[in-house]
Amino acid sequence: MPEGPREEGRSSSSSSSSGASHSEGRCLQSGAGKDAGASSRVALRKEISLVSACAIIIGNIIGSGIFVSPKGVLENTGSVGLSLIVWVTTGIITAIGALCYAELGVTIPKSGGDYSYVNDIFGGLAGFLRLWIAVLVITPTNQAVIALTFSNYILQPLYPSCLPPESGMRLLAAVCLLLLTWVNCSSVRWAMYVQDIFAVGKLLALGLIIILGVVQISKGHYYWLEPVHAFETFREYDTGQMALSFLQGSFAYGGWNFLNYVTEELVDPHRNLPRAILISIPLVTFVYMATNVAFITVMSPQELLASNAVAVTFGEKMLGVMSWIMPISVALSTVGGVNGSLFTSSRLFFAGAREGHLPRLLAMIHVTNCTPIPALLFTLSSTLLMLCTSDIYTLINYVGFINYFFYGLTVAGQIVLRYRAPDMHRPIKVSLIWPMIYLVFSAFLLVLSFFSDPVVCGTGVAILLTGVPVYFLGVYWQNKPRCWNIAIGKITRLCQKLCVVVYPVTVRSVDPQNHDDDDDDDNS
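Keep in mind that this is a model prediction, so the values were computed, not measured.

### Regarding the pattern of salt bridges
Pairs may arise between side chains of opposite charge once their charged atoms sit close together.
Now for step 1: Tallied over the entire structure, the rule returns 10 salt bridges.
Now for step 2: Between R426 and E103 there is a salt bridge; the shortest N-O distance is 3.6 Å. Placement of R426 in the loop between α17 (392-420) and α18 (433-452) and of E103 in helix α5 (residues 80-107) is noted, with a sequence separation of 323 residues between them. Comparing R426 with E103, the two get one shared label, buried.

Below, the structure is given as structure tokens:
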């Protein structure tokens, strides 16, 4: 079944063909001329260097999480010492998961990340459900929350004695999303410039916090870092609460897998994908650890727990009249997060459309800019709709459980692929002990999360299962009425002309499933 949309796209309409011929030579993939079979293609350009790859990982991980999660981690662990252990442990587990994804990323060199891996290894239904939950809730809610965090911190200095108006926050968040979507539609290079600049900016902002923390330590303000005091508890230890502390920490590390969404646009992915991971994840872990140490040198655990904006409280204590630097720094940090999320999530929808799991229009790219404009506009529209709802954070809680389930399923797929296709070419091959460690950790989180809050987790599963009838009606059912196909074709051609996009012809990567499975899918 995935093959159908790709073949259809290659000979879809006259406008597609004419657009492709018109744009030949202007939108070619790097190195295409060296491959006789890859000439004259309209395709995504390989413009993401190692520096930009690191910026994507750092920019997506470091967003609002580090300014929100310290309170939740400390509250659920019950002591400063345990909270710091959770931060380091979560960073190590994140690095292990990223290494597993690195092997999958160079073995199945497709954009789309875990969706593409689950789809190829476990089949169309599993892949569609991963895409369904991302399209329906995860991507639009995450982007809406980051954009609202940006607007909140920008407006907070203007309303020192009260909360900013909700309508103003949503309007400013929408402006931020519109501007960054325009940048991403215009040029991959522009989007990478924005990502690089804001990644450096957020590291400098956190660097300021860390330096102030070092100054505090040099003055002898490290009472809560001494072992005898670090493990003083302000409540009894609870296993369920410890699991929640790891979930809070994992939220701050969210985005570690986003580079896998853009594998096809990465220069020399076999080398740069693992390099970017090995550079970025340890750097983020160090920065997070040092930032939390700095917070503890300035605030007591009680003060940190009482604060609604940890970075703002930190700035008020350390910077005095210059305390406005902190909310501005957090706001700029979130801009990089929004930009990175827009860039990578649009590639996820692009990959889904290319496999036939979303409307074919979303798999088309601009004839000269080589950017997936329909997928970017779709991402923008779903996020703007989410800004109009009042239950954004509740939806995130519902699907957080499902998100981690698919992380575990993807890593399990790495083990399955080792046994199903042992002779497949793997430029990177990590020891199986690492995916096993990650799976044990994921199972620990999922089981404890389910028992601690079965209603929320059960609701998340119910939202996921709504995708099953959609899959069978929209994807599996091939013989749809002729009038439906004609209507969809006319809408696609109209949108194609408005966006000046064509369907890219790409080389299909080796499918890890056997040929019999492929034949079954194509005939389904």
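### So, the side chain of S116
Now for step 1: By the element assignment, S116 lies in helix α6 (residues 114-122).
Now for step 2: Residues within four places of S116 in sequence aside, it is in contact with K110, S111 and A351.

### As for the environment of L319
Now for step 1: Mapped onto the fold, L319 is located in the loop between α14 (310-318) and α15 (325-354).
Now for step 2: We classify L319 as buried; its relative accessible area is 18%.
Now for step 3: Sequence separation of L319 and L212 is 107 residues, and the distance between their C-alpha atoms is 9.4 Å.
Now for step 4: In this structure, L319 is in contact with L212, I325 and M326, ignoring residues within four places of it in sequence.

### Digging into the packing of helix α8 (residues 166-186) against helix α9 (residues 188-218)
A pair of packed helices is characterised by two quantities: the angle between their axes and the separation of those axes.
Now for step 1: Running from N to C, α8 and α9 cross one another at 130°; their axes reach a closest spacing of 5 Å. By the angle between their directions, the pair α8 and α9 is classed as oblique. In this structure, α8 contributes L180, W182, V183, N184 and S186 to the contact, and α9 contributes W190, A191 and V194.
Now for step 2: A class-by-class count of the residues in the contact of α8 with α9 yields six nonpolar, two polar and no charged.

### Observations regarding the nonpolar core
Now for step 1: Grouped together as the largest cluster of nonpolar side chains are 139 residues, with contacts concentrated most on L259 and Y288.
Now for step 2: Broken down by element, this core gets its largest block of residues, 15 residues, from helix α7 (residues 124-155).
Now for step 3: Setting aside chain neighbours within four positions, we find L259 in contact with A53, I56, I57, L266, L273 and A276.

### As for the side chain of S111
Now for step 1: Position of S111 relative to the elements: it lies in the loop between α5 and α6.
Now for step 2: At 3.5 Å, the side chain of S111 and the backbone oxygen of Y261 are in polar contact.
Now for step 3: Sequence-distant contacts of S111, that is, excluding residues within four places in its chain, are made with S116, N260, Y261, V262, T263, E264, A351 and R354.

### A word on helix α21 (residues 482-499)
Now for step 1: Between its first and last C-alpha atoms α21 spans 26 Å; for 18 residues at 1.5 Å apiece the expected length is 26 Å, and the two agree.
Now for step 2: Those residues of α21 lying buried are G489, T492, Q496 and C499. Down the axis of α21, the buried set is contained in an arc of 105°. They therefore lie on one face. Summarising the geometry of α21, the exposed residues directed more than 90 degrees from the buried face are C483, K490, I491, L494, K497 and L498.

### So, the state of the cysteines
Now for step 1: This model, assessed by the stated rule, comprises zero disulfides.
Now for step 2: Considering cysteine sulfurs only, C499 is the nearest to C185, which forms no disulfide, with 8.2 Å between them.
Now for step 3: Its sulfur unpaired, C495 is 6.4 Å from the next cysteine sulfur, which belongs to C499.

### Here we look at α6
Now for step 1: Of all nine residues that make up α6, eight are buried, and the element is covered over most of its length.
Now for step 2: Listing the buried residues of α6 in full gives D114, Y115, S116, Y117, V118, N119, D120 and I121.
Now for step 3: In the stretch just after α6, G123 is the one whose phi turns positive, near 105°.

### A short note on the environment of E226
Now for step 1: When you line up the elements, E226 lands in the loop between α9 and α10 (227-230).
Now for step 2: A sequence separation of 145 residues divides E226 from G81, and the C-alpha atoms of the two residues are 9.0 Å apart.

### What about the confidence of the model for the protein chain?
Low pLDDT means the predicted coordinates in that region are not meant to be read closely.
Now for step 1: Looking at the protein chain, pLDDT values average 80 and 85% of them are 70 or higher.
Now for step 2: This model gives residues 1-26 a pLDDT under 50, and the stretch forms 48 contacts once residues within four places in sequence are excluded.
Now for step 3: Contacts from residues 28-40, a stretch scored under 50 in pLDDT, to residues over four places away or in other chains number 11 contacts.

Each value, and the rule that gives it
- Residues numbered from 1 in each chain as written.
- Predicted model: local features only at pLDDT ≥ 70, side-chain atom pairs only at ≥ 80, totals over all residues.
- Heavy atoms only, no water.
- Salt bridge = Lys/Arg side-chain N within 4 Å of Asp/Glu carboxyl O.
- Helix = DSSP H or I, 4+ residues; strand = E, 2+ residues; numbered from the N terminus.
- Buried < 20%, exposed > 50% of the residue type's maximum accessible area, 1.4 Å probe, protein only.
- Contact = heavy atoms within 4.5 Å.
- Axes fitted to C-alpha atoms, helices over the stretch in contact; angles between N-to-C directions.
- Parallel < 35°, antiparallel > 145°, perpendicular 65-115°, else oblique.
- Nonpolar A, V, L, I, M, F, W, Y, C, P; charged D, E, K, R; others polar.
- Core = buried A, V, L, I, M, F, W, Y, C linked by side-chain atoms within 4.5 Å.
- Polar contact = N/O pair within 3.5 Å; in protein donor to acceptor, adjacent residues only side chain to side chain.
- Expected span 1.5 Å × (residues − 1).
- Arc of directions from axis to C-beta.
- Disulfide = S-S within 2.5 Å.
- pLDDT = per-residue confidence, 0-100.

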